[in-house]
Amino acid sequence: MIISRIENFEQYLSHKEKCRHIFESIWLKEREMTPHKKKSFTFNGISYPAKKTVDFLVDFKYSNGVDINWRERMICPLTGLNNRLRASIHLADFELGLKEYHKIYITEQVTSLYNYIKIKVPDTTGSEFLGSDYVGGFINQEGIRHEDMTHLSFKDETFDFYLSFECFEHIPDFKKAFSEAIRVLKKDGILFFSVPFIMQNYENLRRAFINEHGEVTHILPPEYHGNPVSEGGSLCFTHFGWEMLDQLRDCGFRNVYSLTYWSDTFGYLGGEQIVFFAVK
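Let me begin by describing the structure that accompanies this report. Here the structure is a predicted model, which means the values were calculated and not measured.

Attention now moves to unusual backbone geometry. The phi angle at Tyr-62 is positive, at roughly 65°, despite the residue not being glycine. We note that Glu-157 has phi near 50°; this positive angle belongs to a residue other than glycine. Mapped onto the elements of the fold, Glu-157 is located in the loop between strand 5 (124-126) and strand 6 (159-165). You can call Glu-157 partly exposed: its relative accessible area is 48%.

Written out as structure tokens, the structure reads:
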């Protein structure tokens, strides 16, 4: 697996130039693998969560109709986890060293990823956003816990790790959610997350915001992402850029960095992908 640690936009630009030929060969390899007819196929590789070699399912779901959305597909037939989620588990072990005794909060509960983490680390608390009418910590009849990431119900310094994958972009005041994350983490605790990210941008791309009347104002055409507890999906307010790392530092995190990665062995295709770490 190719992994690079990058802490800011300037480092990324240097990394991009240094690895330009590698990225070009990766792009060509993935283009050659894409079938001319838009049909599903399999790709043989190692599923890290399953600890086995499998045939990943690849198709054109969530794509633009031309290019495969590798990041959201490449489904492991044994775990049901896609490319992005399998890599998140792999990198969590690689960077965090998850142990049974750790205390974890993850911002999802009705997913295969939550189930995997909960088995690996029993003291894991998951939640979903059930709506603004509920108070933090409420648990419905299905056993789903409600939390608002900008007003968490947990006490200060509760968790060793805070995990969140594709959630902060749905929060208008994401900086408040960052501040809540640092509040509920123990000293030296780590926020590990992924978001839609534009590597070529320093500034975040603001797609929508809440105006003074409490109404959603769209700057760009509305973009909705899948939500396991809402058929209507969740509105995306932000596509992040490297500015986000400085905003995490402004919230008080003392060590903020990204890991970029790619691997054909493990089925982490789709060009160079990225995840983020912020240490309290």
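After that view of the structure, there is still more to cover.
Core analysis: the largest hydrophobic core is formed by 34 residues, its most contacted members being Tyr-162, Phe-168, Leu-191, Met-244, Leu-248 and Phe-253. Listing elements by their share of this core, those giving two or more residues are helix 1 (9-18), strand 6, helix 5 (174-184), strand 7 (185-194), helix 6 (243-250) and strand 15 (268-279). Ignoring anything within four residues of it in the chain, the contact list for Met-244 reads Phe-178, Phe-193, Val-195, Phe-197, Asn-204 and Phe-276. If you look at the next biggest cluster of nonpolar residues, it comprises 29 residues, including Tyr-48, Leu-85, Ala-92 and Ile-190.

Let us look at helix 4 (residues 112-120). Among the residues of helix 4, those classed as buried are Leu-113, Tyr-114, Tyr-116 and Ile-117. Within helix 4, the buried residues cover an arc of 160° as seen down the axis, which keeps them to one side. Of the surrounding elements, those touching the buried residues of helix 4 are helix 3 (83-95), strand 4 (104-106), strand 5 and strand 6.

A separate point is the sheet that holds strand 6. Note: strands within a sheet are paired through backbone hydrogen bonds, in either parallel or antiparallel orientation. In spatial order, the strands read 1-14-15-7-6-4-5; together these seven strands make up an open sheet with mixed pairing. The two strands at the open ends of the sheet, each matched to only one other strand, are strand 1 (2-6) and strand 5. On average, adjacent strands in this sheet sit at an angle of 20° to one another, irrespective of strand direction. Across five bridges, strand 1 lies against strand 14 (residues 255-263) in antiparallel orientation. From the neighbouring strand, Ser-4 faces strand 14, where its bridge partner is Thr-260. Its contacts with the sheet put helix 5 on strand 6 and strand 7, and the angle it makes with strand 7 is roughly 140°.

Judged by how many residues are buried, strand 15 sits mostly within the fold: 11 of 12 residues are covered. Bridge analysis of strand 14 against strand 15 gives eight bridges, and the strand direction is antiparallel. From the neighbouring strand, Ser-263 faces strand 15, where its bridge partner is Tyr-268. Hairpin connection of strand 14 to strand 15: four residues between the antiparallel strands, including Gly-267 at a positive phi of 75°.

Taken as a whole and judged by the stated rule, the model has 22 aromatic pairs. Pairing Phe-197 with Phe-276 gives two aromatic rings, centres 4.8 Å apart and planes at 55°, and the pair type is tilted. Here the residue Phe-197 occupies a position in the loop between strand 7 and strand 8 (205-206), and Phe-276 occupies one in strand 15, the gap between them amounting to 79 residues. Residue class for Phe-276 comes out buried when judged on its relative accessible area of 1%. When the ring centre of Tyr-257 is taken as origin, the NZ or CZ atom of Arg-5, which lies over that ring, is 3.7 Å away. The positively charged end of Arg-86 is found above the aromatic ring belonging to Phe-56, 3.9 Å away from the centroid.

Take helix 1 next. Taken as a whole, helix 1 has its buried residues at Phe-9, Tyr-12 and His-15. Projected down its long axis, helix 1 shows its buried positions confined to an angular sector of 115°, all on one face. Exposed residues pointing more than 90 degrees away from the buried face of helix 1 are listed as Glu-10, Glu-17 and Lys-18. The inward-facing, buried residues of helix 1 contact strand 1, helix 2 (20-33), strand 14 and strand 15. You can read the cap of helix 1 off the contacts: a side-chain oxygen lies 3.2 Å from the backbone nitrogen of Glu-10, and it is on Asn-8.

What counts and what doesn't
Sequence positions are assigned chain by chain, starting from 1 and proceeding in written order. Per-residue local features of the predicted model are confined to residues with pLDDT of at least 70, and side-chain atom pairs are confined, for both listing and counting, to 80 or more; whole-chain, interface and lining totals are unaffected and use all residues. Remark: hydrogens and water are excluded; side-chain values derive from all non-hydrogen atoms of the structure. By definition, any uninterrupted DSSP run of H or I lasting at least four residues is a helix, any uninterrupted run of E lasting at least two residues is a strand, and each is numbered from the N terminus. A simple rule labels every residue: compare its accessible area, found with a 1.4 Å probe on the protein chains alone, to the largest value its type can have, and call it buried under 20%, exposed over 50%, or partly exposed in between. Think of a nonpolar core as a cluster: buried Ala, Val, Leu, Ile, Met, Phe, Trp, Tyr and Cys residues, connected wherever their side-chain atoms sit within 4.5 Å. Residue contacts follow a heavy-atom distance rule, with two residues in contact if any of their heavy atoms lie within 4.5 Å. Summarising the geometry, the arc corresponds to the directions from the helix axis toward the C-beta atoms. A pair of strands is labelled paired if DSSP reports no fewer than 2 bridges between them. Note on method: axes are straight lines fitted to C-alpha atoms, helices fitted across the in-contact stretch only, with angles between N-to-C directions ranging 0 to 180 degrees. Only the six-membered ring of Trp is used, alongside the rings of Phe and Tyr, when aromatic pairs are assigned; centres must lie within 6.5 Å, and planes under 30 degrees apart are stacked while those over 60 apart are edge-to-face, with the rest tilted. In this scheme, Lys NZ or Arg CZ marks a charge over a ring once it lies within 6 Å of the ring centre and within 35 degrees of the ring normal. Pairing of N or O atoms within 3.5 Å defines a polar contact, subject to two protein rules: one partner must be a possible hydrogen donor and the other a possible acceptor, and residues neighboring in sequence count only if both atoms are side-chain atoms.

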